[in-house]
Amino acid sequence: MTTSGTEPARQRRRGPELVAALLDAAWDELVEAGFAKLTMESVASRAGTGIAVLYRRWANKDQLVLAALEHYRNSHPVDLPDTGTLRGDLLAALTGMGEARAGFSAIAAATAFSGLLADTGLTPTQVRDRIIGDQRLPRVRAIYQRAHDRGEIDLERIPPAVLAMPFDLVRHDLLMDLEPLKPARIRSIVDELFLPLVLSHHNGPGQAGAV
């Protein structure tokens, strides 16, 4: 937490630049102090601005923290690889996701169980969707579109729930274990769970073993 003796000089920022600076400050305060000790005053001090600037945008620290979590997630996207095969892309993407999101998941889980759930009145599912985002599939669809274009899969025959499954499983493991997934677990998700389902939709009923 920034003390009054080391309070940064206030800067003139407006619009998206100001909002980003406030949310970055809230994230840093969340990481260093934790949800219970974070206050609107401490975030304003860290951001080098007045507390009224925060209250004009967020009614309380719960709304501010939710926005900070969303902002951090959106401003730190996970790289999407292009290895030339669907299996290679998924192994690389899920590995990168586990490594990049482990710290975020730990902070998010600690925040939720430190009072955010009780204070906001939101259900665990609502908090999860705010933190993780409710449009998880569109960005990773590029991986599947390349595989479709190569003839590896038929996107028109695969349910969205199947396409989302490997990423949903990684998110689940991250929230449960708060550490990157082991390589064996990622291979199991891809080779034992996801690819057999995808191939069954690609080949048609009764032909899953034809490839």
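Computed from a predicted model, the values in this text were never measured in an experiment.

Student: Can you tell me about the overall build of the protein, naming the residues and giving the values?
Tutor: Along the protein, the regular secondary structure elements total 9 helices and 0 strands. The order of α-helices and β-strands along the protein, N terminus first, is α-α-α-α-α-α-α-α-α. Counting across all 211 residues of the protein, residues that qualify as buried make up 43%. At a minimum sequence separation of 6, the contacts of the protein that also span at least 24 residues come to 70%. Put simply, the protein shows about 11100 Å² of open surface, and 54% of that area lies on carbon and sulfur atoms.

Student: Lay out the pattern of salt bridges with the relevant residues and their values.
Tutor: Using the criterion set out here, one finds 9 salt bridges in the structure. Measuring nitrogen to oxygen at the nearest pair gives 3.3 Å for the salt bridge that ties Asp89 to Arg146. Of this pair, Asp89 sits in helix α5 (residues 86–120) while Arg146 sits in helix α7 (residues 137–150), and the two are 57 residues apart along the sequence. Exposure remark for Asp89: the relative accessible area of 0% places this residue in the buried category. The salt bridge involving Asp168 is made with Arg171; its shortest N-O contact spans 3.4 Å. A residue pair is termed a helical-turn pair when its members lie 3 or 4 positions apart in one helix, as Asp168 and Arg171 do in helix α8 (residues 160–177) at 3 residues. According to the relative accessible area criterion, Arg171 is buried, its value standing at 17%.

Student: Quick one: what's the story with the packing of aromatic side chains, residue by residue and with numbers?
Tutor: Tallied over the entire structure, the rule returns 4 aromatic pairs. Between Trp27 and Tyr72, the aromatic rings sit 3.9 Å apart at their centres with planes inclined by 15°, giving stacked as the arrangement. Within this pair, whereas Trp27 is found in helix α1 (residues 15–33), its partner Tyr72 is found in helix α4 (residues 61–75), the two being separated by 45 residues in sequence. A residue is classified by how much of its surface remains accessible, and Trp27, at 10% relative accessible area, is buried. Between Tyr144 and Phe194, the ring centres sit 5.8 Å apart and the planes meet at 35°, which makes this aromatic pair tilted. Here Tyr144 is found in helix α7, whereas its partner Phe194 is found in helix α9 (residues 183–203), with 50 residues between them in sequence. Overall, the relative accessible area of 0% leaves Tyr144 in the buried class. A residue is classified by how much of its surface remains accessible, and Phe194, at 0% relative accessible area, is buried. Directly above the aromatic system of Phe35 lies the positively charged group of Lys61, at a separation of 4.2 Å from the ring centroid. One Lys or Arg, Arg101, reaches over the ring of Phe104 and ends 5.8 Å from the middle of that ring.

Student: Please give an account of the nonpolar core that cites residues and values.
Tutor: Of all hydrophobic cores here, the largest spans 30 residues; its most connected members are Leu30, Leu54, Leu64 and Leu69. Elements supplying a minimum of two residues to this core: α1, α2 (40–47), α3 (51–55), α4, α5 and α6 (124–132). Examining the composition of this core, we find that 7 residues originate from one element, α1, more than from any other. Residues contacting Leu69, with those up to four places away along its chain left out, are Trp27, Leu30, Phe104, Ala108, Thr111 and Ile131.

Student: Now, about α5: what can you tell me, with residues and values included?
Tutor: Taking 1.5 Å of rise per residue, 35 residues should cover 51 Å, yet α5 covers just 40 Å from first to last C-alpha, more than 12% shy of that figure. In the structure, α5 departs most strongly from a straight axis at Phe113, where the bend amounts to approximately 60°. Just past α5, the residue Gly121 takes up positive phi, approximately 80°.

What counts and what doesn't
Residues numbered from 1 in each chain as written. Predicted model: local features only at pLDDT ≥ 70, side-chain atom pairs only at ≥ 80, totals over all residues. Heavy atoms only, no water. Helix = DSSP H or I, 4+ residues; strand = E, 2+ residues; numbered from the N terminus. Buried < 20%, exposed > 50% of the residue type's maximum accessible area, 1.4 Å probe, protein only. Contact = heavy atoms within 4.5 Å. Areas by Shrake-Rupley, 256 points an atom, 1.4 Å probe, with all protein chains shown as cover. Salt bridge = Lys/Arg side-chain N within 4 Å of Asp/Glu carboxyl O. Phe/Tyr/Trp six-rings, centres within 6.5 Å; stacked < 30°, edge-to-face > 60°. Lys NZ or Arg CZ within 6 Å of the ring centre and 35° of its normal. Core = buried A, V, L, I, M, F, W, Y, C linked by side-chain atoms within 4.5 Å. Expected span 1.5 Å × (residues − 1). Bend = angle between axes of the 7 residues up to and from the residue.

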